[in-house]
Amino acid sequence: MAHLTPPVITPALARTAAPSFRLRSTSLNSVRLRRVFDLFDRNGDGEITVTELHLALDRLGLGADPDELAAAVAAYIRPGRVGLGFDDFEAFHCAIGNALFGDGTAVEPKAEEEEEEMREAFRVFDENGDGYISAAELQAVLDKLGLLEGRSIDGVRRMIAAVDRDRDGRVDFFEFKNMMHTIELAAS
């Protein structure tokens, strides 16, 4: 599907865009984008409506004007659909990335670039910056995303226990990195 009209990049979006918007590793980017799509698709119908997208952006603190968002997304919604399918969402994401950061030709990152991307992702969860993701921090992030998994601290503790190799009840950077590589391999 050819999209002739790039999305309009508002000043607010340009100010909040981070280089991690598009990872240099195509496989990590694809895994991450699929997870984002599934999170934003609140009702699980395989489409993200403008309303779902607006709600998700609001919860992440990236408020967008609903009319501007609808105008930007409209060109990517296929005829007969009410929202973005995953392929449409991926094309929309790519177009925004290209508008913000250039053509986005993905190259496999050098080890140090991949390491920095992992550290940036880790810092999203490590809210207090102590070098560990605690159950409370993970629960807070899951709650911000509106995920049901964040409602039960016991469930969050089980999630941590699944990757906590040293059994200290927290996830350090190396455990996080190992988990992310496992997710990447499983998706390949």
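Since the model is a prediction, treat every value here as computed from it, not as a measurement.

Novice: Quick rundown of the nonpolar core? Include the residues and the values.
Specialist: Formed by 17 residues in total, the largest nonpolar core has its most connected members in Phe40, Ile48, Leu53, Val73, Leu84, Phe89 and Phe92. If you list the elements that add at least two residues to this core, you get helix 2 (26-40), helix 3 (50-59), helix 4 (66-74) and helix 5 (86-101). Tallying contributions element by element places helix 5 first for this core, with five residues. Core analysis: the second largest hydrophobic core is formed by 13 residues, Ala135, Leu147, Ile160 and Phe176 among them.

Novice: Tell me about the packing of aromatic side chains, and please be specific about residues and values.
Specialist: All told, the structure shown has eight aromatic pairs when counted by the stated rule. For the pair Phe37 and Phe86, a centre-to-centre distance of 5.5 Å together with 85° between the ring planes defines the contact as edge-to-face. Residue Phe37 is found in helix 2, and its partner Phe86 is found in helix 5; the two are separated by 49 residues along the sequence. Accessibility classification places Phe37 together with Phe86 in one group, the buried group. Ring geometry for Tyr76 against Phe92: centres 5.3 Å apart, planes inclined by 65°, an arrangement best described as edge-to-face. Placement of Tyr76 in the loop between helix 4 and helix 5 and of Phe92 in helix 5 is noted, with a sequence separation of 16 residues between them. The buried category is assigned to Tyr76, whose relative accessible area is 2%. Members of the aromatic cluster, joined through ring pairs, are Phe122, Phe125, Phe173, Phe174 and Phe176.

Novice: Can you break down the side chain of Glu175 residue by residue, with the values?
Specialist: Inspection of the secondary structure assignment puts Glu175 in helix 9 (residues 173-187). Among buried charged residues, Glu175 stands out as having no salt bridge; its nearest opposite-charge side chain is Arg165, 6.6 Å away. With sequence-adjacent residues up to four places away left out, Glu175 is seen in contact with Val163, Asp164, Arg165, Asp166 and Arg170.

Novice: Can you lay out the UniProt feature "domain: EF-hand" (unreviewed entry) in the chain for me, pointing to particular residues and giving the numbers?
Specialist: When the UniProt feature table is mapped onto this chain, "domain: EF-hand" (unreviewed entry) is found at residues 28-63, 113-148 and 151-186. Strand forms 6% of residues 113-148 and helix 64%; the C-alpha atoms that close the span are 33 Å apart.

Quick notes on the rules
- Residues numbered from 1 in each chain as written.
- Predicted model: local features only at pLDDT ≥ 70, side-chain atom pairs only at ≥ 80, totals over all residues.
- Heavy atoms only, no water.
- Core = buried A, V, L, I, M, F, W, Y, C linked by side-chain atoms within 4.5 Å.
- Buried < 20%, exposed > 50% of the residue type's maximum accessible area, 1.4 Å probe, protein only.
- Helix = DSSP H or I, 4+ residues; strand = E, 2+ residues; numbered from the N terminus.
- Phe/Tyr/Trp six-rings, centres within 6.5 Å; stacked < 30°, edge-to-face > 60°.
- Lys, Arg positive; Asp, Glu negative; His and termini not counted.
- Salt bridge = Lys/Arg side-chain N within 4 Å of Asp/Glu carboxyl O.
- Contact = heavy atoms within 4.5 Å.
- UniProt positions renumbered as here; feature names shortened; annotations may be inferred.

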